[in-house]
Amino acid sequence: MRKLIFRKKKIPVIFLWLAGCSTFFYSGPLYAFNTDPDILQERVSLTVDNQSLKYFLNIIEQQLEIKFVYSESRIDLNKKISRKFNREPLENVLHSSLPGSVGYAVSGRNIILKPRMAGREDPIGKGVIIGNIKGKDNDEVLPYATVVIRGTSKGAVADESGNFRFSGLDEGVAILEVTYVGYEKQEKEIIIRNGETGRADFILTPLFDKLEGVTVTGIRRGEVKALSQMKAAENIKYVMSREQMERFPDITLSESLQRVPGVAVGYSYGLARDIIIRGLGQGLSSITINGTRLPSTSAGSRTTDLNGVLSDVVEAVEVVKTLTPDMDADGTGGTVNIITKSPPLNSRTLDAKASVGYNNLVDKANYEIGATYGQRLKKTGFVVGANYLRTWRGEDRVEKGYDTYEFDGREQLMLGEYDLTGYMIKRDNAGINAEFDYYPDDNSRYYIRGSYNKYYEIQNRLRRITGIGEYASVNQISGIRVSQFGNWRDYHRDLTVISLGGKTSFSSWNVDFDLTYSGGNYDQPIYYNATFERNGMSGVLDVSNPRAPQIDYTEADPYDPSQYTTSRYINRHDSSRDHDAQLTFNISKSYTIGDISGELKFGGRFRYKYNDRSRNYFLHDLKEGEFVLADYLSGYRKDDHFDNNYVLDNFPDAETLDNFYQNNKNLFADNETYTRQNTDPDSFFGNEYLGAGYVMTKLNFNNFEVVGGVRYEQTGFHYKGNQVNFDEDGNYLSTRKVDSDKTFDGFFPSLNIKYTFKENTNFRFAVTRSLSRPGYYDLVPWEEVLNSREEINMGNPGLTQATSVNCDLLFEHYFQSVGLISGGVFYKKIKNYLYESNYIQEGGTYDGWEVEQVVNGASATVKGLELSWQQQLTFLPGFLNGLGIYANYTYVDSKMEVPGIEQLRTVKLPEMRPHVGNISLSYEKYGFSGRVSMYFYDTYITELGSNADQDELERGRKQIDISASQQLNKKWSVFVSLSNITNAPISFKFGNGRPFDDMYYSSWGNLGIRFNLN
């Protein structure tokens, strides 16, 4: 084993705003000697035997043509030493030869010797060890490697740059052991000296060196990094690296997250959008970027649409399932944390890709282009990247509704209408990210970084709604009304995040801070809607295929555009903003009590938020006459709608009708009741603040790691909304401004315990308390008073946060051949669960009226099981050692008592999939990586009805995807993917089994090329 010698570390000046804190915690002098690593790496060869230190320095001066500058009155140069060096770096020579009381600084070719001030490195005179860990195969850093001092409870985890640090060490000899998934263990012996900083760098050897065609590169390296971070984590989390995301044909973060254990997704036009963690929707979870909560990109809620974030613009994504006190408490389901790209250590990186694709449903081409460049220099580093994606999507949809009809002498529940909808959607995604870092020394880093993600979508939505007036028998119908809709609408969803921050270490203290601005925008400036109707038709109904009903009309041409008319036109503009400013700081100190090593950490966060929504709906009625559909036809026609069941044509061009309105406004009268009813209740503005502080400690003893503490959070808000009144005939009366103020707070303790049974085997247990805040719109004091129906729809500023006690138990084993097998259970007890309630008002002005609003009060329990197995089967012989498996399964059960719907009901939570998982079989060898993947979930409740028969459920679904890539040389590769190859539909039904809503999306794919400098 090699003995390592120390070099003097330097201590940076802390930012001014932290000076007060640092002075409080450290009263010793703060100054540093600057060193030049170039001169210190020059080689020295000499032998001296019982000679003076002055003679020894003179020989070095002659060999290297340098000059030592010192005061003989302050430094004793008569001390006798004996040394022998053969091409040893000057840095090591000085550290092993100068007395412990002498320090040095470099100025050009001069080395200035000075007395070392007592307590400069550590106020209690202890030793410090720093180091860096890299891989031998590619010289890249190995982040999140585990470093322990043999025979003690002291351990450290390398940061994202592969750096680690120990402080407060007793003088003597220590053996450091480093382990990393997929690499051989390595150990080194190091001498610890009081008041000095020693350095121990490691270069680990990959386990795959002896396997033909199998290397730790590209995709597999990303998996190794993610597994190592999970293994070393203080809490339960799953990490997916960018390289792992590239394994699958997933383009956005929402799509990538469906591959994570315990995560399910809700769909928007066939693509993953909503994130459901352990059966709980986004309202009970949070989404952060580098630990900072992301603002909303939706209207009125706290949810962030991750369809707007491309997978290629991030470095990794974490799904945190148990909270620690230094995290926001609003993560009952869990927290999705997006990690942005940072400059690579001591290297350059250039990653670029381009692809073309095709959507089979709409017969349109897709394309993507993007690049990221980064470089790390001696003291600075930067990374910049940009990506652009153009995709076309479509949807073939048939939605059914049911009503009660009287025929054959009795009332019967029959098909009341069906809605055929065809979508053609153009989506543009753009992502820009940049970061600049400054590294004054090995222990400090300061950064400024920003990201912007733009998600723009424009839809051409064409609908044919067929309503049935009467039944003469089960298939003879009359009074049929057909409505032909033409609708153009767009959506802008923008995310902007700018952060300034840093971290530094001095003695045994660590300090980090972050100041972030983030803005989320939702905007819909285009909404043109034209509806033409024809009434009084009859025919024979055929429901032999209940998902796709058909009518054989008595009329010769039921869709003759000359028979469809309208006298009104609708447009609207809807927008919402959610802007935050946030300051976060954390301070930590390591300590030792006997054989127990620990860390004390405390900090706080303050966030100020502004949120608003402006919704403007307009209904314009012609003063005289009617529009005829034949004069406003679009060119849209689809002969194979919904798996060849329908022909869709003769739809209105809404943009043409909008042009007519804009040029002839004098011919229209605005419907004030429609405008006020659809505008005022939904428009609001307000602000919120969050103040939080925490204290926690981490203890390491024997094979245990215990992280515990408590967090306090207070949330205050002030919102202004509108109370809108209508008379007994339903006509608009008045709008009155109303506002409200409220605060809620709480303490949120947590305990995470990790027991390392063996080097690669952990048992984890956690008990945490978390919260879920009401949506913005739910807190607004809006009211819609409908006198004609004696109904009130209203917000609820009296809401409080829902809280939950969460228990987790997990077993995990990491394979050195790269992989993981884990299994765990979880339980959540939620109080003041938020749900939408319909109840009868008792007392007051509206006694006996029906009220609809979101309320607290329900209690809910969630319990479940998570299993995961991912492994590269490198132990197999020959060709087979390229095989791999990625599989996970989650079972969730829940129970909630809901009062006031029809009667007390015990139900399962909406959006909770009882069974969800992934199965992926892969092959990776000789530069090839390919896989067949299936994501599946079981039938679940999407929305509660007044009874079980009226609950809305989504049927279980399986989607199969294929993806592959081939390395052409060290820098170039090609890739291909195909999604939803079986054209799996998304289907809904009512609790009584009647089909409700069915959608087809066909399949889509892409083909591309990638360049990677590394």
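Within each chain, residues carry numbers counting from 1 in the order of the written sequence. In view of the model being predicted, local features appear only for residues whose pLDDT reaches at least 70, and side-chain atom pairs are presented and counted only at 80 or more, with totals across whole chains, interfaces and linings using the full set of residues. Side-chain numbers here rest on the full set of heavy atoms in the structure, without hydrogens or water.

The protein chain carries the name TonB-dependent receptor in an unreviewed UniProt entry, which gives Sinomicrobium oceani as its organism.

### Observations concerning the overall build of the protein chain
Numbering goes from the N terminus for both helices and strands, where a helix is a DSSP run of H or I of at least four residues and a strand is a run of E of at least two. Per the secondary structure count, the protein chain includes eleven helices and 58 strands. For the protein chain, the spread of C-alpha atoms along the principal axes amounts to about 120 × 65 × 55 Å. Counting only residues that meet the buried cut, the protein chain has 57% of its 1014 residues in that class. Contacts in the protein chain between residues at least 24 apart in sequence constitute 70% of all its contacts with a sequence separation of at least 6. Note that His is not counted, nor are the chain ends; the positive residues are Lys and Arg, and the negative ones are Asp and Glu. Lys charges are placed at NZ, Arg charges at CZ, Asp charges at CG and Glu charges at CD. Counting 114 positive and 129 negative side-chain charges, the protein chain places the averaged centre of each group 11 Å from the other. Exposed residues in this analysis have more than 50% of their type's maximum accessible area, buried residues have under 20%, and partly exposed residues fall in between, with area computed by a 1.4 Å probe over protein chains only. Whether two residues touch is decided by their heavy atoms; if any such pair falls within 4.5 Å, the residues are in contact.

### Considerations on the nonpolar core
Ile129, Ile133, Phe164, Phe166, Leu176, Leu257 and Leu306 are the most contacted members of the largest nonpolar core, which has 76 residues in total. In this structure, this core is formed jointly by two domains, domain 2 (127–204) and domain 3 (348–525 + 570–614 + 673–1012), each of which donates at least three residues. If sequence neighbours within four positions are ignored, Leu176 has contacts with Ile129, Val148, Ile149, Phe164, Phe166, Gln186, Glu187, Lys188, Ile190, Ala200 and Phe202. Residues belong to one nonpolar core when they are buried, are Ala, Val, Leu, Ile, Met, Phe, Trp, Tyr or Cys, and are joined through side-chain atoms within 4.5 Å. Val398, Met414, Tyr559 and Phe627 belong to the second largest nonpolar core, which has 38 residues in total. Residue ranges for the domains originate in an automatic or database domain assignment.

### Brief notes about a positive patch on the surface
Patch membership is restricted to residues that have no salt bridge and whose relative accessible area is over 30%. Joining uses 9 Å for like charges and 5 Å for the nonpolar side chains Val, Leu, Ile, Met, Phe, Trp and Tyr. Accessible surface area values rest on a Shrake-Rupley calculation with a 1.4 Å probe, where residue burial reflects the displayed protein chains alone. By definition, a salt bridge exists where a carboxyl oxygen of Asp or Glu is found within 4 Å of a side-chain nitrogen of Lys or Arg. Taken together, the side chains of Lys829, Lys831, Lys863 and Lys895 make up a positively charged region of the molecular surface. Turning to its location among the elements, Lys831 is positioned in strand E46 (residues 819–840). Note on Lys831: relative accessible area 53%, which makes it exposed.

### Description of a negative patch on the surface
Together, Glu836, Glu850, Glu852 and Glu943 make up a region of like negative charge exposed at the surface. Given the relative accessible area of 30%, Glu852 is considered partly exposed.

### Looking at the pattern of salt bridges
Scanning the model with the defined rule gives 63 salt bridges in all. As a salt-bridge pair, Glu368 and Lys353 come within 3.5 Å of each other at their nearest N and O atoms. Remark: Lys353 occurs in strand E22 (residues 348–359) and Glu368 occurs in strand E23 (residues 364–376); sequence separation between them is 15 residues. Here Glu812 makes a salt bridge to Arg764, at a shortest N to O gap of 2.7 Å. One end of the pair, Glu812, is in strand E45 (residues 802–815); the other, Arg764, is in strand E42 (residues 761–772), and 48 residues separate them in sequence. Like Glu812, the residue Arg764 is buried in the burial classification. One salt-bridge network, in which partners are shared between bridges, spans Arg242, Glu243, Glu246, Asp312, Asp351, Lys353, Glu368 and Arg1010.

### As for unusual backbone geometry
The backbone phi angle of Arg278 is positive, close to 55°, even though this residue is not glycine. Structurally, Arg278 can be placed in the loop between strand E17 (271–277) and strand E18 (286–289). When its relative accessible area of 3% is taken as the criterion, Arg278 is described as buried. Unlike most non-glycine residues, Glu790 shows phi in positive territory, near 50°. For Glu790, a relative accessible area of 43% corresponds to the partly exposed category.

### Considerations on empty space enclosed by the protein
Of the two site types, the cavity is a set of points on a 1 Å grid over the protein atoms alone where a 1.4 Å probe fits but cannot get out, and the pocket is an open set with protein on both sides within 12 Å along at least five of seven lines, each lined by residues with an atom within 4 Å of a point. Grid points are joined across faces, edges and corners, and a volume is the space filled by probe spheres set on the points. Per the counting criterion, the structure on display carries 13 cavities of 30 Å³ or more. In this structure, the largest cavity occupies an estimated 200 Å³ of space. Of all the elements in the fold, those that place two or more residues in the lining of the largest cavity are strand E15 (237–241), E45, E46 and strand E47 (850–872). For the lining of the largest cavity, the per-class residue count stands at eleven nonpolar, four polar and seven charged. Approximately 130 Å³ is the volume found for the second largest cavity. Along its surface, the second largest cavity is lined by 15 residues, and Arg302, Arg607, Lys609, Glu688 and Arg773 are the ones closest to its centre. Basically, the charged four are Asp, Glu, Lys and Arg, the nonpolar ten are Ala, Val, Leu, Ile, Met, Phe, Trp, Tyr, Cys and Pro, and anything else, Gly included, counts as polar.

### Regarding the domain arrangement of the protein chain
Taken as a whole, the protein chain is organised into domain 1 (39–115), domain 2 (127–204) and domain 3 (348–525 + 570–614 + 673–1012). A straight line from the C-alpha centre of domain 1 to that of domain 3 covers 62 Å.

### Topic: the environment of Tyr833
Structurally, Tyr833 can be placed in strand E46. The spacing of Tyr833 and Val855 is 22 residues in sequence and 8.2 Å in space, taken between C-alpha atoms. Not counting residues up to four positions away in its chain, the partners in contact with Tyr833 are Leu284, Ala802, Val855, Asn856, Gly857, Ala858, Ala860, Met896 and Leu909.

### Quick word on the UniProt feature "domain: TonB-dependent receptor plug" (unreviewed entry) in the protein chain
UniProt positions are given in the numbering used here, feature names are shortened, and annotations may be inferred rather than shown by experiment. With numbering aligned to this structure, UniProt lists the feature "domain: TonB-dependent receptor plug" (unreviewed entry) at residues 238–335. In this annotation, residues 238–335 is assigned 11% helix and 32% strand; the end-to-end C-alpha distance for the span is 11 Å.

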